[in-house]
Amino acid sequence: MASITMKDICVSYNKGKTLALKNLSLQVKDGEFCVFLGPSGCGKSTAMHCIAGLLKPESGEVYINKEMVTGPGAFVPPQERNIAMVFQEYALYPNMTVRKNMSFALETRKAPKEEIARKVDEMAKMLGIEPLLDRKPVQLSGGQRQRVALGRALVRDPNVFLLDEPLGNLDAKLREQVRYELKKIQAKLGVTTVYVTHDQTEAMTMADHIILMKDGEIVQQGTPNELYDTPADLFVAGFLGTPQINKLACQVREENGGLLLDAGDVRIPVEAALEDTLRPYLGREVIAGLRPSDLVVADAGHPAIFTGAVDGVEPLGDAFIVYLKAARHILIVKIPGGSTTFGDTISLGVETGKVHVFDKQTEKRLNP
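Residues numbered from 1 in each chain as written. Predicted model: local features only at pLDDT ≥ 70, side-chain atom pairs only at ≥ 80, totals over all residues. Heavy atoms only, no water.

K.L.:
I would appreciate a short explanation of the pattern of salt bridges in the present structure.
P.N.:
Pairs can form between side chains of opposite charge whenever their charged atoms are close. Summed over the entire model, instances satisfying the criterion amount to 14 salt bridges. For the salt bridge of Asp-208 with Lys-183, the shortest nitrogen-to-oxygen distance reads 3.1 Å. With Asp-208 in the loop between α6 (200-206) and β10 (209-214) and Lys-183 in helix α5 (residues 172-189), this residue pair connects regions lying 25 residues apart in the sequence. Given a relative accessible area of 36%, Asp-208 falls into the partly exposed group. Glu-254 is the salt-bridge partner of Arg-279, the closest N and O atoms lying 3.4 Å from each other. In this pair, Arg-279 sits in the loop between α9 (272-278) and β15 (285-290) while Glu-254 sits in strand β12 (residues 246-255), placing the two residues 25 residues apart along the sequence. (Salt bridge = Lys/Arg side-chain N within 4 Å of Asp/Glu carboxyl O. Helix = DSSP H or I, 4+ residues; strand = E, 2+ residues; numbered from the N terminus. Buried < 20%, exposed > 50% of the residue type's maximum accessible area, 1.4 Å probe, protein only.)

K.L.:
What exactly am I supposed to notice about the sheet that holds strand β17 (residues 306-315) here?
P.N.:
Hydrogen bonds between backbone groups are what pair the strands of a sheet, and the pairing can be parallel or antiparallel. Taken together, 5 strands build an open sheet; the order of strands is β16-β20-β17-β18-β19 and the sheet is antiparallel. Lying at the two open borders of the sheet, with one neighbouring strand each, are β16 (295-297) and β19 (330-336). Shown here is a sheet whose adjacent strand axes are inclined to one another by a mean of 50 degrees, direction ignored. Two strands pair when backbone bridges link them, and β16 and strand β20 (residues 345-350) are joined in this way by 3 bridges, in the antiparallel orientation. Bridging across to β20, Leu-295 finds its partner in Val-350. (Pairing = 2+ DSSP bridges. Axes fitted to C-alpha atoms, helices over the stretch in contact; angles between N-to-C directions.)

K.L.:
What should I look at first to understand unusual backbone geometry in this one?
P.N.:
For residues that are not glycine, phi is negative in most cases, and the peptide bond is trans in most cases. A cis amide bond, omega -5 degrees, links Thr-242 with the succeeding residue Pro-243. In this fold, Pro-243 is placed in the loop between α8 (234-239) and β12. The residue Asn-23 is not glycine, and still its phi comes out positive at about 50 degrees. Residue Asp-157 is not a glycine yet carries a positive backbone phi of 55 degrees. With relative accessibility at 47%, the residue Asp-157 sits in the partly exposed group.

K.L.:
Can you walk me through the pairing of β12 in this structure?
P.N.:
In this sheet, β15 lies alongside β12 in antiparallel orientation, the contact comprising 6 bridges. Each residue of the ladder has a partner; that of Ala-249, found in β15, is Ile-287. Pairing of β12 with strand β13 (residues 258-262) involves 5 bridges; the strand directions are antiparallel. Within the sheet, the bridge partner assigned to Glu-254 lies in β13 and is Leu-259. Count of turn residues in the β12/β13 antiparallel hairpin: 2 residues, of which Asn-256 carries a positive phi of about 55 degrees.

K.L.:
Is there a simple way to explain the nonpolar core in this structure?
P.N.:
Nonpolar side chains in soluble globular proteins tend to end up buried together. Judged by nonpolar contacts, the single largest core of 46 residues is most densely connected at Leu-37, Val-98, Met-102, Ile-129, Phe-161 and Tyr-195. Look past the residues within four positions of Val-98 in its chain and what remains in contact with it is Ile-129, Leu-132, Leu-133, Arg-135, Leu-140 and Val-148. Grouped together as the second largest cluster of nonpolar side chains are 32 residues, Leu-278, Leu-290, Ile-305 and Val-322 included. (Core = buried A, V, L, I, M, F, W, Y, C linked by side-chain atoms within 4.5 Å. Contact = heavy atoms within 4.5 Å.)

K.L.:
Any chance you could explain the UniProt feature "domain: ABC transporter" (unreviewed entry) in the protein chain here in plain terms?
P.N.:
UniProt tags residues 4-240 as "domain: ABC transporter" (unreviewed entry). As a span, residues 4-240 carries 36% helix and 28% strand, and end to end its C-alpha atoms are 25 Å apart. (UniProt positions renumbered as here; feature names shortened; annotations may be inferred.)

K.L.:
Looking at this structure, how should I read the packing of helix α2 (residues 98-108) against helix α3 (residues 113-127)?
P.N.:
The packing of two helices is summarised by the inter-axis angle and the distance between the axes. As a packed pair, α2 and α3 sit with axes 10 Å apart at the nearest point and diverge in direction by 135 degrees. With respect to their mutual orientation, α2 and α3 come out oblique. Like other packed secondary-structure pairs, α2 and α3 cross with a definite hand, here right-handed. Residue-level inspection shows Arg-99, Met-102, Ser-103, Leu-106 and Glu-107 of α2 in contact with α3, the latter providing Ile-116, Lys-119, Val-120, Asp-121, Met-123 and Ala-124. (Parallel < 35°, antiparallel > 145°, perpendicular 65-115°, else oblique. Left-handed = near helix turned anticlockwise from the far one by under 90°.)

Next up, the structure:
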């Protein structure tokens, strides 16, 4: 397979007035499933196109398996990079059968017929599309077409597999199924994969490595758990997690010999591990982040930090998303089981070590 390295990549539009990528540097390890994640317009697809050779940046270098494919005096065209791409639009040849769609790239390489047949049959079996090999794309469902597009790309044994919003046209149930199958196939083949999406659920469930982007730059990168548990700033904290994290402007106060995050009707005791960090902020405002799944009904082990009336309930079957309203704030909490009715009063506590604190001005994380 292959590793991917990008060094100081710059791409601009409108004659240099709009920077799409700003000195972007990153590394994707050999065999890794890496997800480029971020909102629309953050530069994630642009970065992928630079890897593929579909776009030549103004400056910077791209290496595939330590070979420079883009850089000063060097530009390897896309067809020579041994890269396979799958887009949101499947782009299957409508006049060809599934078998012919999958074998076409191998035929143009003049691969032996026996090898082509073997590879197509093996990939069709892996993707569960063996009964479809003699059909044409018009006779296939959206999920079946997507599997064919994946098979057509993977049958070439690429060094790098690039997927740009590949599940966007599928319904929710089918998206879950194809997501599972795609991750399983990638792990089995060990092919280095870059996957572009704006869907944080896809990123969290599929990635070995997430690169979260904003405005053409990397905000944070790491494993899904690293980004979720230790967000580098408010943007990361808000982008990952469903429902979104609760954000509260709090004043740092001293009370009974300890520190307190005071938001009026929300009062959060500062844990010992955070006291040294927050003491310089005494009398100043910070932003506290509380994930809905980290809030719990108050009990002896979880002292109440907030009491509110139920203002809305969203049943999920095994849990409820509950909106609790007090004088100044509405907090969203995910409560497992039980039953909750509009107007009920509930007191909330928070799990130990689960309060995220951010500088109000820089929005950077303050937790050690």
